[in-house]
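Structural features, examined
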There are 4 protein chains.
Amino acid sequence: MKLWGGRFSENLNTLAARMNSSLAFDQRLAEVDIRGSKAWAKALAGAGILSQEELELLLQGLEKVADEFKGSKFVFQESDEDIHTAVERRLKEFIGPLAGKLHTGRSRNDQVATDFRLWMLETIPHLDGQLKELQGTLIERAERDMGALLPGYTHMQQAQPVLLSHWWLWQFWMLQRDRDRLMNLVEETSVLPLGCGALAGSSFPVDRFALATELGFRRPFPNSLDAVSDRDFAAGFLFWAALLGVHLSRLSEALIIYSSREFGFIRLSDAFSTGSSLMPQKKNPDLLELTRAQSGKLIGLLTGLLAVLKGLPSAYDKDLQEDKPAVFEAADRLADSLAVLSGLIATLEINAGRMRAAIDPQMMATDLADYLVRKGVPFRQAHEAVGAAVQKAEASGKPLSMLPLETWQEIHPAFESDILEAFSAEISVKNRVAYGGTAPQEVLEQLALARQVLG
Amino acid sequence: MKLWGGRFSENLNTLAARMNSSLAFDQRLAEVDIRGSKAWAKALAGAGILSQEELELLLQGLEKVADEFKGSKFVFQESDEDIHTAVERRLKEFIGPLAGKLHTGRSRNDQVATDFRLWMLETIPHLDGQLKELQGTLIERAERDMGALLPGYTHMQQAQPVLLSHWWLWQFWMLQRDRDRLMNLVEETSVLPLGCGALAGSSFPVDRFALATELGFRRPFPNSLDAVSDRDFAAGFLFWAALLGVHLSRLSEALIIYSSREFGFIRLSDAFSTGSSLMPQKKNPDLLELTRAQSGKLIGLLTGLLAVLKGLPSAYDKDLQEDKPAVFEAADRLADSLAVLSGLIATLEINAGRMRAAIDPQMMATDLADYLVRKGVPFRQAHEAVGAAVQKAEASGKPLSMLPLETWQEIHPAFESDILEAFSAEISVKNRVAYGGTAPQEVLEQLALARQVLG
Amino acid sequence: MKLWGGRFSENLNTLAARMNSSLAFDQRLAEVDIRGSKAWAKALAGAGILSQEELELLLQGLEKVADEFKGSKFVFQESDEDIHTAVERRLKEFIGPLAGKLHTGRSRNDQVATDFRLWMLETIPHLDGQLKELQGTLIERAERDMGALLPGYTHMQQAQPVLLSHWWLWQFWMLQRDRDRLMNLVEETSVLPLGCGALAGSSFPVDRFALATELGFRRPFPNSLDAVSDRDFAAGFLFWAALLGVHLSRLSEALIIYSSREFGFIRLSDAFSTGSSLMPQKKNPDLLELTRAQSGKLIGLLTGLLAVLKGLPSAYDKDLQEDKPAVFEAADRLADSLAVLSGLIATLEINAGRMRAAIDPQMMATDLADYLVRKGVPFRQAHEAVGAAVQKAEASGKPLSMLPLETWQEIHPAFESDILEAFSAEISVKNRVAYGGTAPQEVLEQLALARQVLG
Amino acid sequence: MKLWGGRFSENLNTLAARMNSSLAFDQRLAEVDIRGSKAWAKALAGAGILSQEELELLLQGLEKVADEFKGSKFVFQESDEDIHTAVERRLKEFIGPLAGKLHTGRSRNDQVATDFRLWMLETIPHLDGQLKELQGTLIERAERDMGALLPGYTHMQQAQPVLLSHWWLWQFWMLQRDRDRLMNLVEETSVLPLGCGALAGSSFPVDRFALATELGFRRPFPNSLDAVSDRDFAAGFLFWAALLGVHLSRLSEALIIYSSREFGFIRLSDAFSTGSSLMPQKKNPDLLELTRAQSGKLIGLLTGLLAVLKGLPSAYDKDLQEDKPAVFEAADRLADSLAVLSGLIATLEINAGRMRAAIDPQMMATDLADYLVRKGVPFRQAHEAVGAAVQKAEASGKPLSMLPLETWQEIHPAFESDILEAFSAEISVKNRVAYGGTAPQEVLEQLALARQVLG
């Protein structure tokens, strides 16, 4: 069934029909489409377009269609060009010509925009829940691994020691921003297009504020052209997805490197590792590679939709049909990734000994400079003095901590015998006491804050 | 001057130095860098690292450097590898070794993140002001052009008539979403990295909450690793820019088409048109083409930064340096576009006669269907009936409004002699009375709402 | 069945297994995978790893598996993690443990790279054929529509008249470049990875040159690390697809505008148009909008893969798995688009009268300037003179061709009474005689060249 | 000076003029613009439009303008809206109104397309030269480091040992593909637009084949609409750049990881390293991070141009102006990157001892399986047997090579006392004898081939 055709004398070319059809992806809107139709039927009744009896029949018919979808018994026909058509076709089979009244004053333009927003408003809480679960896993790791020292890196070079828990919490906060952004998206998505018709508004006096309330939207669109053409919420979702993807890629990359034999800081559980068809010894972090790679795909989905939207001149252009497959794919991929990462992180084993042993005395160079600062040396001079010491140590092939006191004092007279204390990674960490630093008591407070934010 | 080098025995290769330098773009951070340094000096004094006298000297020195920038008298040296280095170098020339105390407990990692955020917090209100100005222009047009009827398009085909003012307000609301998103960005940007050091936090007990207040941030970052690595705000800005760019491209595309000779709905002023070097008659909408094209560029800037961020494993990787040129370019381009579009729209002339004349009677086909619906015919049948009429009219080469009444009644007996009223574009528009529709009184209310939102 | 697992003590998490599986998309490689395996079996026999008898059994077993795929009788099992595993599993069911010899000296890394290349080498000729078909349609249109004059546009403004056939041939040449690029892709794809093992090469002395010949490759990779990691051909394919997509989007955009009521230059056949669920009169160019939109999607697929590839450090990283779904989707979409566009263009009707009538006398302004040039006036002055005439005509509200001769002579004395000839669009077109111009005899020659190139 | 304006009554708005101007970037076309103009003058003379004397004067005038550019003495004026205008304005100052004849039958549309192609044809050999230089460096490293064994990685996990020289040559071949693609680009770029006018061709009978020869193009465009609208060569260049960028990012990423303290395989020279403003010990691979990050930027440039090109309907739209800044930026960035990488790789020190020591006995697991295969065990069983051994070794906390012979024989009776030989990384490497493998004699042959390809 097509919802148009009266004016056409020739059928749509078969291949063109296939290309034009959106059923392959929009059937996932079945439930929200029916929900929207029920609300629309009520609005039509409220506007006097449908009698109470007609309304009842329509609602019952729609319920039957919904039941078929719930029970996976709905049978699509080749002529159903989209989910809206399929639902109306089936409705007509159930209740006859009355079904033809449902589309009064409504267009697929406002209908599909409404359906898609309803779907998104339903999906966001699920994704938020998964994000929360992953955050919970990170908090648990931060608690469980408290005390473990990790070399902190900048430029992939050892920089300063940090608590591993501090590192896990970093990931927590990154995801918290994703959750905040998701809440902004809810706000943005929650504006109702229904009742705006094809582009010019409806000539039937439906109460769109009541309709918004009925469907759980905050308010109706104040401009019908905007209502049917706006896909900011879809682009916003894809940006959210791409940025979350980037966050997960950074986490994944770090874990991949940490699980290399050369680093050896973590070991993935067998349940989240795979092997090689050729090399019997291999234990590969495939899942982490996939969660890393996914960010590329998500960037492409975002880019793609933005490029599609660019330059569209009308209130509705068919190009907008590209919005749903992209958003659905992004949502599905992230749902998988978040679940897998949560399981993977919960079950990985850390090797605290390897981490601690990896901390080279040079990592305390800043502490040595700070040592001089505390004795009144301007930081810039202190920095240079320690740099000179590093150079001497490297030239002599010794660890920095093995330089004799005389050498230190040659470099700067303010160095004294208490200098060795500065080489303790534990003391280094303990010293980072400013808010947000890696000192244990700060990290404990941070953990408390994170738990509170998580709710 | 380099802020490092103590440990190095060989100089940086010249070409490598050029590639490593960020001065070409980050000199634009001079003012905020100095502002940040002043606040940091105060924080160090508050933590007892600087005496009151040292603080005064530092502040005075920084003020002198700031004055040089204000007066465009600052002279960069080849060895200045970035703006932070240049400022500290000059400070040292003014106040001597004391300058070397300023960097105590601070790293360029937290410094540059702070500078960049300060710059963005300053820039956002300017862009918001420009958006507001363009919105104001759109409101003025909506007022000025009230009464003009425009063929409304979907699929670039005539769909239903709308008020031109309704069309202008569509653009208004699109931009309102951009402004809302900008406010979310302020929230996101307003978290302070300063005092987080290179990655592990500061070992000097600076009060980061006071520092945040001093610099106008809402709160300090609770995690030092996150503070130096987070570039969500930059990606968020580029997404905002790309989506705004897409909005402007849609507006531009429509105006380009409307200013073609074939449409002839608008005429750009000479002040916003250009000509051809070969064809003497040409009057080209180059500016609109540039504002359309720009969206492509902005999509590329967003894509580029997201791809840069993907997979970065450390708390700080030099890759992050790509953040600023992209954001600066996006901000500059949009500042130009918004101003140009505002002028162009304010000065274009509309041809209301052409618009009205372009409205084909077929555009009232939905009204004809609604006519039947009001007589009790289910919409779906009404749609088919009118479709059949359209086909007959086309076959006979007549306008739809010229079909004789008998033909209408053959098609559906409910058609009566009052059918001709349905062909009035004015009545069609007047009928779209549901909230958000194009009926004049609805558009007037919408206009009032828009004025109120604009503030 | 997994091709690894000996060293693992715990099963792969269910969700992780789903995410890790590539079967959903790589089953489309079944045929080429088996072809590759047959060739590999022969190579192993050639290297003395398999006896002739073993080879026969393997080939027969593989043939049986191939038959199952051909007959759509192959049944996947949940444990088949990819097509390679599925094929080997089934082979084992047919021929027992001997199947386990097939993977000797081969890894999925070289196997999948080979399969994917084989698939591409098979797919390219199909796409090339479709391109050729669309080119053929364009040539036919150029022939059929010979004589029709079209306003030529720059900046969407009328510029100079051209032959419609010249316009169709423009599209032809654009696609010719796509075909040329496709041939470069064949060259690039036709390098054989098989026999490179996981990354280090094979320790069995297989003859990779013979293997290349057997499978239709031009040569084997000279470096095993490169062989398994190279995805340039996939990125190249996606770029090819994106650029072709851009070409089709430009064509589509022009046709969409030309089929608007305001332009009215072309009319799509019903077989390639769709209607509206609300507005009975609508005849929408949905297919053209989809072929336009598709370019956005294709850009996203390219961007996505490039972002995936960025920064991969190993000889093989699982991230590479993202290559296939992107390439498959691009190929499928373009196959549909090319077929639909070919049908749509072949069946559209042109309205030569509307096109001719749309040509405003101003379009001959360049001819007027050329007229002066032929009388010895430097072009720049001629340009200014005609520009002044255009301004006068517009000020007086008259068409340019209605300016009295005196006005022309006031503007420039070289204008004489033969000026009116210059206003003929037919003469304007006839004058563009330089190679590549729109003069009819030039276009006929161009058409001959196009036919020759098409072969 | 503007090359148009005759028909305009009002000046271009100042900001609009700034936005419209392309001089900021296209001044870099000065030399090729003048070269193109000289050839055009000759063509006009050939067609009888210019007398020989006029031609001489024009050529001399153009030479003077060229000299000013060469000597950096050319002074731009605010009214020069692009390089073409600036050159013609200056020419007029030198030779008077005759300058106005130069633009006869030419438009900026064909002129700029020609200039841009000339620039590209000049630039490509430089970039090719730089690629060749980097390839030369890689060959030198392959020679110099011959004998060093590197753990080969897949999934960032140790896989099989390879020769470091084999690894360097991998990079060589990747770049060779970039060079091949560059040659395809030359072919594609080398088609001449000049003489196609604004869009419809030239009405003066210039010999475009002679013009092509004069300017070093292979042939003229056969279709004028195509000639002015085609930007495939620019998109192709940006794809080339993005893919090269991806290659360099993979190389950079590997070197960054190899230069971490935990891997410790290479050490960058001080000339290609930088330090930290806070941490005195830091020696950072900033340059490698920039060459890695750059790939993101390059992907964005490509995406941006493709999105710009999408949907352009006319023969020339101003949007095309975005082509040059993107291409120029890509070329500049790659020129820097290639030079820096060449220097960096030439001067880095390898730590062959660390590499060799990093090779864990497990890396020879495939060799152990191959050992069984040589004794007639089907590979799949051999793989499982060795997998079981790996699991036993890990469970007992011993290196794989320390498992007692009995254990091996329990796992599979075919293991015999010669098994220990299989644990030699040197023998493992020596065994990879198939073409393309890492066996020393194969790598030597590969090196010879590489040298030969390099020329």
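Calculation rules
- Residues numbered from 1 in each chain as written.
- Chains lettered and ligands numbered in written order.
- Predicted model: local features only at pLDDT ≥ 70, side-chain atom pairs only at ≥ 80, totals over all residues.
- Heavy atoms only, no water.
- Helix = DSSP H or I, 4+ residues; strand = E, 2+ residues; numbered from the N terminus.
- Rg over C-alpha atoms; globule rule 2.2 N^0.38 Å.
- Buried < 20%, exposed > 50% of the residue type's maximum accessible area, 1.4 Å probe, protein only.
- Contact = heavy atoms within 4.5 Å.
- Domains from an automatic or database assignment.
- Least-squares fit on C-alpha atoms with pLDDT ≥ 70 in both.
- Buried area = accessible area lost by both parts, 1.4 Å probe.
- Salt bridge = Lys/Arg side-chain N within 4 Å of Asp/Glu carboxyl O.
- Polar contact = N/O pair within 3.5 Å; in protein donor to acceptor, adjacent residues only side chain to side chain.
- Expected span 1.5 Å × (residues − 1).
- Axes fitted to C-alpha atoms, helices over the stretch in contact; angles between N-to-C directions.
- Parallel < 35°, antiparallel > 145°, perpendicular 65-115°, else oblique.
- Left-handed = near helix turned anticlockwise from the far one by under 90°.
- Nonpolar A, V, L, I, M, F, W, Y, C, P; charged D, E, K, R; others polar.
- Arc of directions from axis to C-beta.
- Pairing = 2+ DSSP bridges.
- Phe/Tyr/Trp six-rings, centres within 6.5 Å; stacked < 30°, edge-to-face > 60°.
- Lys NZ or Arg CZ within 6 Å of the ring centre and 35° of its normal.

On to the overall build of chain A. Helix and strand counts for chain A stand at 18 helices and six strands. Expected size for 455 residues packed as a compact globule is a radius of gyration near 23 Å; at 30 Å, chain A overshoots this value by more than 25%. Expressed as lengths along the three principal axes of its C-alpha atoms, the size of chain A is roughly 100 × 55 × 40 Å. Going through the 455 residues of chain A one by one, you find that 71% of them count as buried.

Before going further, it helps to spend a moment on the environment of L182 of chain B. All names here are of chain B. Its place among the elements puts L182 in helix 7 (residues 164-189). With 18 residues separating them in the primary sequence, L182 and A200 have C-alpha atoms 31 Å apart. The contacts of L182, once residues within four sequence positions are left out, are I124, L127, D128, L131 and W240.

Another aspect to go through is the domain arrangement of chain A. Frequently, the measure chosen for interface size is the accessible area removed from exposure when the parts meet. The domain architecture assigned to chain A consists of domain 1 (5-104), domain 2 (112-198 + 222-357) and domain 3 (361-454). Using only C-alpha atoms to locate each centre, domain 1 of chain A and domain 3 of chain A end up separated by 70 Å.

Another point: the relation of the copies chain A and chain B. A rotation about some axis, followed by a shift along it, carries one copy of the chain onto the other. Of the two same-sequence chains, chain A is brought onto chain B (RMSD 0.0 Å, axial shift 0.0 Å) by a rotation of 180°. With respect to symmetry, the two chain copies, as superposed, fit the operation of a two-fold axis. Taken as a fraction of all interface residues of chain A, those also at the interface in chain B reach 100%, which identifies the copy contact as same-surface.

Contact residues are listed per partner, giving 110 residues for chain A and 110 residues for chain B. Carbon and sulfur atoms supply 59% of the area that chain A and chain B bury against each other, a total of about 8900 Å² over both sides. Its largest share of buried area at the contact with chain B, chain A owes to R250, R380 and Y435 of chain A, together 9% of the area lost on that side. Where chain A meets chain B, there are twelve salt bridges. Where D232 of chain A meets R181 of chain B, a salt bridge forms, and the shortest distance between an N and an O atom there is 2.9 Å. Linking chain A to chain B there are 57 residue pairs in polar contact (both at pLDDT 80 or more).

Another point: the pattern of salt bridges. This structure, assessed with the given rule, holds 172 salt bridges over all chains. Shared partners join several salt bridges into a network, and the residues in it are R117, E188, D226, D230 and D232 of chain A together with R177, D178 and R181 of chain B.

Taking 1.5 Å per residue as the helical rise, helix 4 (residues 52-70) of chain D with its 19 residues ought to reach 27 Å, and the 26 Å between its terminal C-alpha atoms agrees with that figure. S72 of chain D sits one or two positions beyond helix 4 of chain D and adopts a positive phi of about 55°.

All names here are of chain B. Two elements in contact, helix 4 (residues 52-70) and helix 5 (residues 83-95), have axes whose closest approach is 9 Å; the angle formed by their N-to-C orientations is 120°. In this view, helix 4 runs oblique relative to helix 5, as classed from their interaxial angle. By crossing handedness, the relation of helix 4 to helix 5 is classed as right-handed. Between helix 4 and helix 5, the contacting residues are L57, L58, G61, L62, K64, V65, E68 and F69 on the first element and I83, V87, R90, L91, F94 and I95 on the second. Residues that form the contact of helix 4 with helix 5 fall into these classes: ten nonpolar, one polar and three charged.

Between two packed helices, what matters for the description is the angle formed by their axes and the separation of those axes. Residue and element names in this part refer to chain B. The interhelical angle for the contact between helix 7 and helix 18 (residues 440-454), taken along N-to-C directions, is 30°, at an axis separation of 11 Å. By the angle between their directions, the pair helix 7 and helix 18 is classed as roughly parallel. Read as a crossing pair, helix 7 and helix 18 show a hand that is left-handed. Residue-level inspection shows S165, H166, L169, F172, W173, Q176 and R179 of helix 7 in contact with helix 18, the latter providing V443, Q446, L447, L449, A450, V453 and L454. Looking at the contact of helix 7 with helix 18 residue by residue, the classes come out as nine nonpolar, four polar and one charged.

This part covers helix 18 (residues 440-454) of chain C. Residue and element names in this part refer to chain C. Spanning 15 residues, helix 18 covers 21 Å between terminal C-alpha atoms, matching the ideal 21 Å at 1.5 Å per step. Residues E442, V443, Q446, L447, A450 and L454 constitute the buried set of helix 18. All buried residues of helix 18 project into a common sector of 140° when viewed along the axis, lining one side. Those residues of helix 18 that are exposed and angled more than 90 degrees off the buried face are E445 and Q452.

Turning next to the side chain of K101 of chain C. Within the fold, K101 of chain C resides in the loop between helix 5 (83-95) and helix 6 (108-144). A relative accessible area of 14% places K101 of chain C in the buried class. Within the structure, the side chain of K101 of chain C is placed 2.8 Å from the side chain of E54 of chain C, a separation counted as a polar contact. With sequence-adjacent residues up to four places away left out, K101 of chain C is seen in contact with L44, L50 and E54 of chain C together with G376, P378 and F379 of chain D.

Attention now goes to the interface of chain A and chain D. Contact with chain A, which involves 48 residues of that partner, is made by 48 residues of chain D. Taken over both partners, the interface formed by chain A and chain D buries close to 4000 Å², and the fraction arising from carbon and sulfur atoms is 51%. Of all residues in chain A, E262, P280 and Q281 of chain A bury the most surface against chain D, accounting for 18% of the area lost on that side. The tally of links from chain A across to chain D stands at four salt bridges. With its nearest N and O atoms 2.7 Å apart, the salt bridge here joins R261 of chain A to D360 of chain D. Counting every contact that joins chain A to chain D gives 31 residue pairs in polar contact (both at pLDDT 80 or more). At the level of secondary structure, the elements contributing two or more residues to the side of chain A that touches chain D comprise strand 1 (149-154), strand 2 (157-163), helix 10 (232-258), helix 11 (286-309), helix 14 (365-374) and helix 15 (379-396) of chain A. The element contributing the most residues to the side of chain A that touches chain D is helix 15 of chain A, with seven residues. Grouping the constituent residues of the side of chain A that touches chain D by class yields 20 nonpolar, 16 polar and twelve charged.

All names here are of chain D. Within strand 2 (residues 157-163), seven of the seven residues are buried, which leaves the element mostly enclosed by the surrounding structure. Looking at chain direction, strand 1 (residues 149-154) and strand 2 are connected through six bridges and run antiparallel. Directly across from Y153, in strand 2, lies its bridge partner Q158. Connecting strand 1 to the next strand, strand 2, in antiparallel fashion are two residues, including H155 with a positive phi near 55°.

Bringing the packing of aromatic side chains into the picture now. With the rule as written, the count across this model stands at 88 aromatic pairs over all chains. Between F263 of chain B and F263 of chain C, the aromatic rings sit 6.0 Å apart at their centres with planes inclined by 55°, giving tilted as the arrangement. In this pair, F263 of chain B sits in the loop between helix 10 (232-258) and strand 5 (266-267) while F263 of chain C sits in the loop between helix 10 (232-258) and strand 5 (266-267), so the two residues belong to two different chains. F263 of chain B gets classed as buried once you look at its relative accessible area, which sits at 1%. Between Y258 of chain D and F265 of chain D the ring centres are 5.4 Å apart and the planes differ by 50°, which places this aromatic pair in the tilted class. When sorted by exposure, Y258 of chain D lands in the same class as F265 of chain D, which is buried. Positioned above the aromatic ring of F116 of chain A is the side chain of K324 of chain A, whose terminal nitrogen or guanidinium carbon lies 5.2 Å from the ring centre.

What follows covers the environment of F423 of chain C. Residue and element names in this part refer to chain C. Examined against the element boundaries, F423 turns out to sit in the loop between helix 16 (405-411) and helix 17 (425-431). Looking at F423, the relative accessible area reads 12%, which means it is buried. Separated by 418 residues in the primary sequence, F423 and G5 have C-alpha atoms spaced 82 Å apart. In this view, F423 contacts P361, M364, L368, L400, S401 and W408; residues no more than four positions away in its chain are not counted.

Another point: the environment of G236 of chain D. Residue placement: G236 of chain D occurs in helix 10 (residues 232-258). Along the sequence, G236 of chain D and I34 of chain D sit 202 residues apart, while their C-alpha atoms lie 25 Å from each other. Here G236 of chain D is in contact with F239 of chain C together with L185 of chain D, once residues within four sequence places are set aside.

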